[in-house]
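Report on the structure
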Amino acid sequence: MNFVRKNSVPLFFVALCGTGAYYSGLGASFLLNEIITRLARNSFLVISLIIPVLAGMGLNFGIVLGAMAAQLAYILVVNLEFRGFVGVLSTCVLSIPLSVLFGWLTGILFNKAKGKEMITGIILGFFANGLYQLVCLTFVGWIIPVRLASMLLPDKSGAGPGIGLVNTIDLRSVQYSIDNLWKIRITMPDIRNFCAWMGWDVTIPPSIPITIPVGTFLIIGLLCAGMYFLFRTKLGQDFRAVGQDRTIAEVSGIAVDRVRVAAIVFSTVLAGLGQIVFLQNMGNLQTYGSHVQVGTFAVASLLIGGASVARATVGQALLGTLLFHTLFVVSPQAGKNLMGNVQVGEFFRVFISYAVFCVALALHAWRRIRDRNAGDE
Amino acid sequence: MILEMRNISKDYAGNRVLKGVNLAVEEGEIHSLIGENGAGKSTLMNVLFGMPVIRNTGGFTGEILFDGRNVDISSPKEAMKLGIGMVHQEFVLLPGFSVLENVKLNREKTKPNFLSRVFGKKMETLDYPAMRRDVRAALDSLEVSIDEMMPVRGLPVGYMQFVEIARELDKSKIRLLVLDEPTAVLTESEADTLLGAMRRLREKGISILFISHRLTEVVAVSDHVTIMRDGELVDRLSGGEADVERLAELMVGRRVTESVRERSVPETGAAILSVRNLRVHMPGEEVRDVSLEVRRGEILGFAGLAGQGKVGIANGIMGLYPAEGDVTKDGRAVPLNNPREAMNAKMALVSEDRRGVGLLLDQSIELNIAIRAMQTQGKFLKKIAGLNRIDAAAMRAHAARMMRDLDIRAGGEGQHTRRLSGGNQQKVCIAAALTLSPDLLFVSEPTRGIDIGAKKIVLDLLCDLNRTHGVTIVITSSELAELRAVCDRIAVIYEGRLAGIVPWNASNRELGLLMAGAAKDGRASERGAA
Amino acid sequence: MRDGMVSRGLRNFGMARSVIVVFLVYLLAHAFYLGLPMGQLFSSMLVRFGMNGILALAMIPTIQAGMGPNFALPLGIICGLVGGTAVIELNLRGATAFAAAIVVAVVLGAATGWLYALLLNRVKGQEMTVGTYFGFSIVSLMCIFWTLAPFHNKEMIWPYGGTGLRNTITLKGWFDRILDNLWSFRVMGVDIPTGTLLFFALFCLLMWMFLRSKTGVAMTAVGNNPRFARSMGLDVDRYRLIASVVSNALAAVGMLVYAQSFGFLQLYQAPLFMAFFAVASVLIGGASMKRITLSHVLIGNFLFQSVLVVSMPVANVVFSDNMSEILRIIISNGIILYALTRKEADAA
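As the structure is a computational prediction, the values presented were derived from the model and not from experiment. (Residues numbered from 1 in each chain as written. Chains lettered and ligands numbered in written order. Predicted model: local features only at pLDDT ≥ 70, side-chain atom pairs only at ≥ 80, totals over all residues. Heavy atoms only, no water.)

Bringing the overall build of chain C into the picture now. The helix and strand inventory of chain C stands at 14 helices and 4 strands. What you see for chain C is a C-alpha radius of gyration of 21 Å, in line with the 20 Å of a compact globule of 348 residues. Classification of the 348 residues of chain C by burial places 59% in the buried group. Taking all contacts inside chain C whose residues are at least 6 apart in sequence as the whole, residues at least 24 apart take part in 77%. Roughly 13900 Å² of accessible area belongs to chain C as shown, and the carbon and sulfur atoms make up 67% of that amount. Placing the 24 positive and 13 negative side-chain charges of chain C at their respective mean positions leaves the two points 7 Å apart. (Helix = DSSP H or I, 4+ residues; strand = E, 2+ residues; numbered from the N terminus. Rg over C-alpha atoms; globule rule 2.2 N^0.38 Å. Buried < 20%, exposed > 50% of the residue type's maximum accessible area, 1.4 Å probe, protein only. Contact = heavy atoms within 4.5 Å. Areas by Shrake-Rupley, 256 points an atom, 1.4 Å probe, with all protein chains shown as cover. Lys, Arg positive; Asp, Glu negative; His and termini not counted. Charge placed at Lys NZ, Arg CZ, Asp CG, Glu CD.)

Helix and strand counts for chain B come out as 19 helices and 24 strands. Here the C-alpha radius of gyration of chain B, 26 Å, is about what a compact globule of 530 residues would show, namely 24 Å. Principal-axis analysis of the C-alpha atoms gives chain B an extent of 80 × 60 × 45 Å. Each of the 530 residues in chain B was classed as buried or not, and the buried ones make up 57%. In chain B, the proportion of contacts linking residues at least 24 apart, taken out of those at least 6 apart, comes to 67%. Roughly 21700 Å² of accessible area belongs to chain B as shown, and the carbon and sulfur atoms make up 49% of that amount. Computing the positive centroid from 71 side-chain charges and the negative centroid from 70, chain B places the two 5 Å apart.

In this structure, A:Leu59, B:Leu273, B:Met347, B:Leu441, B:Phe442 and C:Ile336 are the most contacted members of the largest nonpolar core, which totals 335 residues. Here this core gets 14 residues from one element, more than from any other, and that element is helix H12 (residues 256–282) of chain A. If near-sequence neighbours (up to four positions away) are discounted, B:Leu441 is found in contact with B:Ala348, B:Val350, B:Ala433, B:Leu434, B:Leu462, B:Leu465, B:Val471, B:Thr472, B:Ile473 and B:Val474. Ranked by size, the runner-up nonpolar core spans 51 residues in total, among them B:Val87, B:Leu93, B:Phe210 and B:Val225. (Core = buried A, V, L, I, M, F, W, Y, C linked by side-chain atoms within 4.5 Å.)

By definition, the strands of a sheet pair up through backbone hydrogen bonds, in either a parallel or an antiparallel sense. Residue and element names in this part refer to chain B. As summarised here, the arrangement of the 4 strands in space is S2-S1-S4-S5, forming an open sheet in which the pairing is antiparallel. Here the strands that pair on one side only, and so sit at the sheet edges, are strand S2 (15–25) and strand S5 (69–71). Between one strand axis and the next, the sheet turns through 30° on average, direction left out of account. The pairing of strand S1 (residues 3–12) with S2 spans 7 bridges and is antiparallel. In the sheet register, Ile8 faces S2, and the bridge partner there is Val21. Packing of helix H1 (residues 41–48) onto the sheet brings it into contact with S1, S2 and strand S4 (61–66), and relative to S1 it is tilted by some 115°. (Pairing = 2+ DSSP bridges. Axes fitted to C-alpha atoms, helices over the stretch in contact; angles between N-to-C directions.)

The next point concerns helix H10 (residues 244–252) of chain B. Residues and elements named next belong to chain B. Here H10 has its buried residues at Val244, Leu247, Ala248, Leu250, Met251 and Val252. Where H10 is buried, its residues meet strand S3 (30–34), helix H9 (215–221), strand S11 (224–229), strand S12 (232–238), helix H18 (480–486) and helix H19 (508–515). For H10, the side-chain oxygen to backbone nitrogen distance between the N-cap and Glu245 is 3.1 Å, and the N-cap itself is Asp243. Following H10 by one or two positions, Gly253 adopts a phi angle in the positive range, close to 80°. (Polar contact = N/O pair within 3.5 Å; in protein donor to acceptor, adjacent residues only side chain to side chain.)

Below, the discussion takes up the interface of chain C and chain A. Tallying the contact residues gives 38 residues for chain C and 37 residues for chain A. Interface area, chain C with chain A, both sides summed: about 3600 Å², of which 78% is carbon and sulfur. Taken together, chain C and chain A are joined by 0 salt bridges. At the level of elements, helix H7 (127–148) and helix H14 (323–341) of chain C are the ones that each hand at least two residues to the side of chain C that touches chain A. Among the elements that take part in the side of chain C that touches chain A, H7(C) stands out by supplying 14 residues, more than any other. (Buried area = accessible area lost by both parts, 1.4 Å probe. Salt bridge = Lys/Arg side-chain N within 4 Å of Asp/Glu carboxyl O.)

Right, let's talk about the environment of C:Gly195 for a bit. Residues and elements named next belong to chain C. Note that Gly195 resides in helix H8 (residues 194–211). Judged by its relative accessible area of 2%, Gly195 falls in the buried class. The spatial distance from the C-alpha of Gly195 to the C-alpha of Ala221 is 35 Å, given a sequence separation of 26 residues. Excluding residues within four positions of it along the chain, Gly195 makes contact with Leu179 and Leu182.

On to the state of the cysteines. Following the criterion strictly, the structure yields 0 disulfides over all chains and no others. Free cysteine: B:Cys487, not disulfide-bonded; nearest cysteine sulfur from B:Cys463 at 8.6 Å. The exposure class assigned to B:Cys487 is buried, which follows from its relative accessible area of 0%. Note on C:Cys79: no disulfide assigned, nearest cysteine sulfur contributed by C:Cys143 at a separation of 15 Å. Take C:Cys79: its relative accessible area is 5%, and that puts it in the buried class. (Disulfide = S-S within 2.5 Å.)

What follows covers unusual backbone geometry. Residues and elements named next belong to chain B. Unusually for a residue other than glycine, Glu445 sits at a positive phi of about 45°. Here Glu445 shows up in the loop between strand S21 (440–444) and helix H17 (452–469). In this structure Glu445 comes out as buried when scored by relative accessible area, which is 5%. We note that Glu495 has phi near 50°; this positive angle belongs to a residue other than glycine. Structurally, Glu495 is set in the loop between strand S23 (489–494) and strand S24 (497–503). Relative accessible area serves as the criterion here: at 30%, Glu495 is assigned to the partly exposed category.

All names here are of chain C. When pLDDT is averaged along chain C, the result is 85, and 93% of the positions lie at 70 or above. Confidence, expressed as mean pLDDT per element, reaches its minimum in chain C at helix H1 (residues 2–13) with 54 and its maximum at helix H4 (residues 59–64) with 94. Reported confidences for the modelled complex are a pTM of 0.85 and an ipTM of 0.84. (pLDDT = per-residue confidence, 0-100.)

The next point concerns the pairing of strand S6 (residues 84–87) of chain B. All names here are of chain B. The alternating pattern of S6 places Ile84 and Met86 and Gly85 and Val87 on opposite faces, both of which are buried. In this structure, S6 lies alongside strand S9 (residues 176–180), joined through 4 bridges in parallel fashion. Considered in S9, the bridge of Val87 is made with Leu179.

Facing the 21 residues of chain B at the interface are 17 residues of chain A. Overall, the association of chain B and chain A removes approximately 1700 Å² of surface from exposure, summing both partners, and the carbon and sulfur fraction of that is 63%. Looking only at chain B, the three residues that lose the most surface to chain A are B:Phe97, B:Asn106 and B:Lys122, adding up to 31% of its buried area. Across the chain B-chain A interface, the total number found is 3 salt bridges. Residue classes in the side of chain B that touches chain A are distributed as 11 nonpolar, 5 polar and 5 charged. (Nonpolar A, V, L, I, M, F, W, Y, C, P; charged D, E, K, R; others polar.)

Residues and elements named next belong to chain B. The 6 strands are arranged S6-S9-S10-S3-S11-S12 in an open sheet whose pairing can be described as mixed. Of all strands in the sheet, those with a lone pairing partner are S6 and S12, marking the two edges. Strand after strand, the sheet turns through a mean of 20° between neighbouring axes, direction not considered. Both S11 and S12 contribute to a ladder of 6 bridges, which runs antiparallel. Bridging from a neighbouring strand, Met228 pairs with Leu233 of S12.

In contact at an axis separation of 7 Å, helix H7 (residues 117–139) of chain A and H7(C) are set at 50° when each is read in the N-to-C sense. Viewed along their axes, H7(A) and H7(C) adopt a mutual orientation that is oblique. Where H7(A) abuts H7(C), its residues A:Met118, A:Ile119, A:Ile122 and A:Phe126 lie against C:Met128, C:Thr129, C:Thr132, C:Tyr133 and C:Phe136. Partitioning the contact of H7(A) with H7(C) into residue classes produces 7 nonpolar, 2 polar and no charged. (Parallel < 35°, antiparallel > 145°, perpendicular 65-115°, else oblique.)

In the structure shown here, the tally under the stated rule is 34 aromatic pairs over all chains. Plain terms: the ring middles of A:Phe231 and A:Phe239 are 6.3 Å apart, the flat faces sit at 55° to each other, and that makes the pair tilted. Residue classification places A:Phe231 among the buried positions, given a relative accessible area of 11%. Measuring from ring centre to ring centre gives 5.8 Å for C:Phe273 and C:Phe276, while their planes differ by 40°; the resulting arrangement is tilted. (Phe/Tyr/Trp six-rings, centres within 6.5 Å; stacked < 30°, edge-to-face > 60°.)

In structure tokens:
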């Protein structure tokens, strides 16, 4: 009973995913393939949220800035026509200084809005998106020169390249260069013949081979190990101390503001790398869209995994990513089969990613009140 | 001598809080420092530790010798380097951290690794085995069996104290340990354990400066006692000379109290308020069991040291903190935990937390004065089309009258209260309480944070209310002198219970014993309460 | 002495406000220089001032009650949209339609505001974050409603196939510009949307009266200092609830006023970001996360909407087409960030 109460959020979503998967009618191997791909694609981003949570700064909606740094780096790399693994590697190298800068600025901003980090992060994301559009849409091609004319929007007359980056930038030159480092395929046994042989009248979609991007998972594993390591260093201990009580940490001589900035810089850099992993898998960059939902989706994933604004683990991040993206895959089909409308599933998915935040916060507050009452007795 | 502080003086903006104080602690002794709240003990410790608050307010005069050498302690860090450690009254512990992590907070032992060689010391790995050894050693020297890997959350309060002490011991070569009221939060048996640990540390050659209000403990454990009062050194006794009664008398002192008010102590008066078995859950000022009667027309004072619960009584009766018990006003029971019922019973409170509870700092003086009466009694309202609207004119006129009567100095009725001086803020609070037209007024810490001139005005105002308007007044105050100046009777609260009620002119010794909880058992002074 | 007064006056007027005023004056001068039709420009400034006014007004109750700006504005906005679609479904037209829509919207707005307050009272201190995401989630939940709800009026549902309501429903023939055109007149080439302005003025008056009523004063006390309020026996949660109800009902009405000027009802994702513009406008007017007055709403609403109106043609002539939209995002979110990071004297 205690287990159920403690894990009510993830359990609810396990049930929801199960129901969704059942009604979606999608084949197990297809589903598995999709989920594995998405897990590889998104885990990194979700894990990047953990440090600020433990440093007491809540869910860092400012990771959108990390994603922007990654995209700017990609744009530069595409413009320089770097390819393959070298391309991705140079993107990483280019993104880090940008992420550090963005993270540092975000950290300073958060220090000025202590206790209001989350709403500040949300608004900062929108604000930064405005600046990002300003740069990409009006400066590029006007103030900032571009090598490849194909990256620019056509001029109004249609005669030649105009001002502003195109909406979709092709990343095929670097696609899968991390995933392909080491990839294994597992073919699930096709049970249709077996069923036919048994005389069962069931329709099962054809089995497709399951691809596992082991290289990407190794990198994610490395990140998890890194997180484990980080929280066994002096800096990690400072993060936790600041996260528990800012005043006491300050009294003990910890430079609280600097530790908080460091937490955000780490988070932003990791988010940038996460977005690089994400985009190398996607194979194209929606110049004005790829980063917009990064914060919301990552936060929703983490919360679905059972984390709260004050507590998060790598395990919760991975579980949450798994559940959230399972829901992502199954809900359109489930919506279609249940409601006769693909859109409904789509909307439902968006609804969940927003609503989970309110539910998680309310549950958290409720639990805190209950704990306090229990403490009094 | 391990520590000598010679002729220390300190003033805050002209207000002298330390007047040539001497303190001498011998090597390997337990030295107690006692005094009422505001006697200057904390300021003296702030000087010793080089706290920024001292430097930022113009420093101090006098000299400090540590281990026979003249030292200039300009920061707590330097004090630590010399080997002076302090355990504060409020715990500096992180509940989610283990005992070990708390003891080693920001002093963690680390080992270099490949990353730290690139990115610096911050990336070094924590060396848990080494830290465990240190912490174990510190805890063992106190002879307490706490598992160092347990989280602090869930430890009994007494153990938290030990964790704090262990942290100080673990800091390198501790010579002098300052314990600031360490037993205040402990049960009796926990306090005994602590005293035992103190004696063991003394055997190890560590000197202890013990700041406490519990005189019995002071007598039991001290080699020497230094008594302070009003920023001055009163006396220094050796352990043998000190007994509880003498200490109590020295602590409270023979202050000349100029009588502000002519008193005609009503020997027997009808009770306006009677309180039976009151319990109030006010953090830091817990009231455990108080029964008493307030007589109609008197001024009653609540005295007691900080944290003993005197502040909780008025707050409990007025419904600001959860309370249990029976309160009867004018023969009618007053429901507890309901501020509105308390106000309906013609009682009003001027809170000790002026800025936190007493005022709307970003609203006008007139609204501050009027709002309680408006919300609870429907004053200053007029009905327009069935809607209760503010009667701005009536509110302004009332505020103007109050400001004139109470001499509130401000730019006008519309000025926000945030900008007012402490004294004027206090008068606004009193005006707001009077607007409720109470016949019983609770005033908590009426002169806290107010300059001397304004203090007298506020006290005169209260006396005047009592005399001309017949308002019964209950004053809660940490300043005994001011209670003596205006009260008819003084009720002393100790450990959440009534230690005794005495007339305003009771002897210092009697008051001191009551405040220190050292009145002889079964003889709790009831002279004034008969 | 004089110098001190000037600088103090400037400080009281507020940095943000001053910058925006300068920016607006510059934009107007530039527009004049570019030869844009100034009369039309001033007309749309007035229209936008009136049509957005009540949405901005909805910020007052929640800020006064200490819950911060109402970032969950989409909740009330959607109630307005439901009111609007309901009267069209019932085939009401003109003033009747508008009045009926307002009644439906107010009832729904108040009811949902009440429910929303139950959530908010559980997450004290996180109202802004929760509000933002609550607004978002309601918008997406209502997307499902717009898709599945059994509306039949041909002018609202997709013309060919597809289920559910259209993205944009034209109000032409229903209650398009019903307030704008009421008693409107033209002076020096500027059209005055008298009805809209009067309607907004009426709500300002009501708000003014509310704030000076017994309940309004109690609500302010709760927002200023909850402990003070509790010490005089006020139920803090109850006044927060009232604030939420009033704010949401205002948002619902505000949406309908907005729609009649705009000429369309925009469904689905459209209300998603409307809260931020309303929040930004009152902040520009000088409000903070804890303090707001009617004048903040009036000044802020005027400045913010005017800058948007004037910057659109100017930016589009000088820069690219998207410039004005980008500018809107940067200005509105920038001003909210500025307000969030500004040090405020703490009430507690």
